[in-house]
Amino acid sequence: MSRTPAARPEVFSVAPYVGGESKLPGVEKPLKLSSNEGAFGPPPSAITAMAEAAANMHRYPDGSSAALRHEIGAKFGLDPARIVCGNGSDELLVLLIQSYGGPGTELIMSEHGFSVYEIAGKIAGCTVKKAPETNLTTDVDAMLALVTPATRMVFLANPNNPTGTLLPQSEMLRLRENLPADVLLVIDAAYSEYVDRPDYDPGVALVDAGENTVMTRTFSKIFGMGGARLGWAYAPPAIADVLNRVRPPFPVNNFAAAAGIAALREPGWLERGRAHNTQAKRRLAERLTQTGLTVYPSEANFILVDFGTEDHAIAADEHLRAQGIIVRRVKSYGLPQCLRITIGTDDECNRVATAMAEFRRG
Ligand SMILES: *Cc1c(COP(=O)(O)O)cnc(C)c1O
């Protein structure tokens, strides 16, 4: 028998990540509402900036992304020295887990939390523990009940994907106050720019208040730049230092950096995206609710629709596909009876609502 190289056993504890689908057999231009990519595509100035950066592609990027960090700091009122940029926020989540987790440590997330925490945690050798949710919302007490001396990290997307639910700032504070000081709390704020509520903070306040909380953000959602792979973390100085040691030499390429800077400067982009999302989400939820479906309240740029049974959810998905519309099945998140639908343009939302009304009429 020939011998072959063996990867660490942890590697086989996870299945390869499957992103939102983008193709439908026989459909030339499917409507892709499976990855929460922002309704309006990339900002026009970001496209131009990326094209202009092409002439300099023989130059290595600035590995520390100083210009981009400066621009992020200016836009959101943050100290650029505490910002670390990455190849998507996923990379920063993985780097945090590699740095603070590992064999013998425990990582806590909530029942329907974002899958990357579990995948990266298991690969790093952490024991991943999931806290039950209440009404599809993170339950702070259930999370705290899982803490042991081996706990090193708690991950929380706020708003969460795929549920769309939000923890108000008072609950985030309560979570942080009751976690041991040496447990790292990671607040994944990928959808923060969509939130339209006064009792919300994306994580900045908790990062500033101590030395044990990190916020991650992304250009993949409201900025419409998922294909460019650009994310950032805002962290206390000691954690930013750790990330700067473990990050690859050049995590952000010249094109993503140039496009990111332009996107941040595009006047009104965030406001327009948020305003559209709030309106379109409310209208789509109303129209689906009118057909008798349950739509969970969402603070993000997608809605989670409950079809009651897995069979009914699959039949709905198949009907949408037959109309050229791709949404996301969320069985792998423990929600087989649900579909997650990204909020697109008004026309796109109309197509979804019309197709679902047809489906419900039978
Ligand atoms: C989309 C998403 C991300 C973003 O990932 P990128 O790597 O920045 O594209 C992070 N967290 C959650 C919860 C998401 O839904």
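The structure presented is a predicted model; accordingly, all values stated were derived computationally and were not measured.

About the thresholds
- The written sequence of each chain sets the order in which its residues are numbered from 1.
- A pLDDT threshold of at least 70 governs which residues receive local features in this predicted model, and a stricter bar of 80 or more applies before side-chain atom pairs are shown or counted, although totals over entire chains, interfaces and linings include all residues.
- To get the side-chain values, take all heavy atoms of the structure and skip hydrogens and water.
- For this description, a residue counts as near a given molecule or strand if any of its non-hydrogen atoms is within 4 Å of it.
- In protein, a polar contact requires one atom able to donate a hydrogen and another able to accept it; more generally it is a pair of N or O atoms within 3.5 Å, and residues adjacent in sequence count only if both atoms are side-chain atoms.
- The method behind every accessible area is Shrake-Rupley, applied with a 1.4 Å probe, and residues are considered shielded solely by the protein chains displayed.
- By the convention adopted, Pro, Cys, Tyr, Trp, Phe, Met, Ile, Leu, Val and Ala count as nonpolar, Lys, Arg, Asp and Glu as charged, and the other residues, Gly among them, as polar.
- UniProt positions are given in the numbering used here, feature names are shortened, and annotations may be inferred rather than shown by experiment.
- For helices the rule is a DSSP run of H or I covering at least 4 residues; for strands it is a run of E covering at least 2, with both sets numbered from the N terminus onward.
- Between two residues, a contact is recorded if the distance between any of their heavy atoms is within 4.5 Å.
- When two cysteine sulfur atoms are found within 2.5 Å, that pair is recorded as a disulfide.
- The criterion for strand pairing is that DSSP finds at least two bridges linking the strands in question.
- Lines fitted to C-alpha atoms define the axes here, with helix axes fitted over just the stretch in contact, and angles between the N-to-C directions of these axes take values from 0 to 180 degrees.
- Two distance rules govern patches: like charges are joined within 9 Å, and nonpolar side chains (Val, Leu, Ile, Met, Phe, Trp, Tyr) within 5 Å, applied only to residues with over 30% relative accessible area and no salt bridge.
- We define a salt bridge as a side-chain nitrogen of Lys or Arg found within 4 Å of a carboxyl oxygen belonging to Asp or Glu.
- In this analysis, rings of Phe, Tyr and Trp, with Trp reduced to its six-membered ring, are considered paired at centre separations within 6.5 Å, and the interplanar angle assigns stacked below 30 degrees, edge-to-face beyond 60, and tilted for intermediate values.
- Only protein chains enter the area calculation, which uses a 1.4 Å probe; residues under 20% of their type maximum are buried, those over 50% are exposed, and those in between are partly exposed.
- Charges are assigned to positions over rings by a cutoff of 6 Å between ring centre and Lys NZ or Arg CZ, combined with an angular limit of 35 degrees from the ring normal.

Before going further, it helps to examine the site of the ligand. Taken together, 13 residues form the shell around the ligand, and within it D188, Y191, T218, S220 and K221 come nearest. Here N161 contributes a side-chain N or O atom positioned 2.7 Å from an oxygen atom of the ligand. Between a nitrogen atom of the ligand and a side-chain N or O atom of D188, the distance comes to 2.6 Å. Burial of the ligand by the protein chains amounts to 93% of its free accessible area of 380 Å². Residue composition of the shell around the ligand, by class: 4 nonpolar, 5 polar and 4 charged.

Those residues carrying the UniProt feature "modified residue: N6-(pyridoxal phosphate)lysine" (unreviewed entry) are K221 in this numbering. With respect to the helices, strands and loops of the structure, K221 is situated in the loop between β7 (213–218) and β8 (231–234). Among residues more than four places away in sequence, those in contact with K221 are S35, N36, E37, G38, A190, Y191 and Y194.

Scanning the model with the defined rule gives 0 disulfides in all. Counting only cysteine sulfurs, C338 is the nearest neighbor of C349, a cysteine outside any disulfide, at a range of 18 Å.

Bringing the sheet that holds strand β10 (residues 302–306) into the picture now. Pairing is antiparallel in the open sheet, where 4 strands are placed in the order β9-β10-β13-β12. A single partner strand is all that each edge strand has here, and the edge strands are β9 (294–295) and β12 (328–329). When β12 meets strand β13 (residues 338–342), the two strands line up antiparallel, connected through 2 bridges. Looking across to β13, one finds that R328 is bridged to R340. Contacting β12 and β13, helix α11 (residues 310–322) runs over the sheet at an angle of about 35° to β13.

Turning to a nonpolar patch on the surface, a few remarks are in order. Taken together, the side chains of V11, F12 and I123 define a hydrophobic patch exposed on the protein surface, amounting to about 270 Å² of accessible area. By the secondary structure assignment, F12 is in the segment before β1 (31–32).

Under the UniProt annotation, the feature "domain: Aminotransferase class I/classII large" (unreviewed entry) is placed at residues 29–355. Each end of residues 29–355 is marked by a C-alpha atom, and these two atoms are 17 Å apart; helix forms 40% of the span and strand 17%.

A few words now on the packing of aromatic side chains. The way to describe two aromatic rings as a pair is by their centre distance and the angle between their planes. Within the structure shown, the criterion is met by 6 aromatic pairs. Where F219 meets F223, the ring centres are 5.0 Å apart and the plane angle is 35°; that geometry is what we call tilted. Looking at F223, the relative accessible area reads 2%, which means it is buried. Members of the aromatic cluster, each reached through a chain of ring pairs, are F114, Y117 and F155. Residue placement shows R272 over the ring face of F40; its charged tip is 4.1 Å from the ring centre. The residue whose ring lies beneath R340 is F302, and the NZ or CZ to ring-centre distance is 5.6 Å.

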